[in-house]
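Below are the chains, spelled out letter by letter.
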Amino acid sequence: MQVRRLFGELEAEHAGMPVPIRGVKQRALLSSAGASQGNPVSADRLIDALWGDGQVANPVNALQAQIGQLRRTLGAAAILTTEAGYVLTART
């Protein structure tokens, strides 16, 4: 899996074929994780990037749902969970 063009139009591909990243939250999550260049990004930082000051009933569950959806799109190993946060393992 490769993630290309994090800034501007976001694009991902697998085996040379485009993989659609649907939804604003999915693109924001992928961009935020990708900008860390393989370093963990805390859940708090991702929640802030996705919802900012907007109220979401349960931000941790909402983030986990977005992570799960992105894993289904990119593959389970594309985003790892660590003690420090989430790490995008796909190449950028």
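Residues numbered from 1 in each chain as written. Predicted model: local features only at pLDDT ≥ 70, side-chain atom pairs only at ≥ 80, totals over all residues. Heavy atoms only, no water.

A. Spatial organisation of helix α2 (residues 43-51). Looking at α2, one finds that the buried residues are L46, I47, L50 and W51. Relative to the axis of α2, the buried residues are bounded by an arc of 105° and lie together on one face. Buried positions along α2 lie against α1 (24-34), α3 (59-74) and β5 (85-88). Among the residues trailing α2, G52 stands out with phi positive, at a value near 50°. (Buried < 20%, exposed > 50% of the residue type's maximum accessible area, 1.4 Å probe, protein only. Helix = DSSP H or I, 4+ residues; strand = E, 2+ residues; numbered from the N terminus. Arc of directions from axis to C-beta. Contact = heavy atoms within 4.5 Å.)

B. Seen up close, the packing of α1 against α3. Where α1 contacts α3, the axes come no closer than 10 Å and their chain directions differ by 85°. One finds that α1 runs roughly perpendicular with respect to α3. Across the interface between the two elements, K25, Q26, L29 and L30 of α1 pack against L63, Q66, I67, Q69, L70 and L74 of α3. By residue class, the composition of the contact of α1 with α3 is six nonpolar, three polar and one charged. (Axes fitted to C-alpha atoms, helices over the stretch in contact; angles between N-to-C directions. Parallel < 35°, antiparallel > 145°, perpendicular 65-115°, else oblique. Nonpolar A, V, L, I, M, F, W, Y, C, P; charged D, E, K, R; others polar.)

C. Region of interest: the nonpolar core. Within the largest apolar cluster, 21 residues are counted, with the highest numbers of intra-cluster contacts made by L29, L63, L70, L74 and I79. For this core, the elements supplying multiple residues, two or more each, are α1, α2, α3 and β5. If one sorts the elements of this core by residue count, α3 sits on top with five residues. Not counting the four nearest positions on each side in its chain, I79 is found in contact with I67, L70, R71, Y86, V87, L88 and T89. (Core = buried A, V, L, I, M, F, W, Y, C linked by side-chain atoms within 4.5 Å.)

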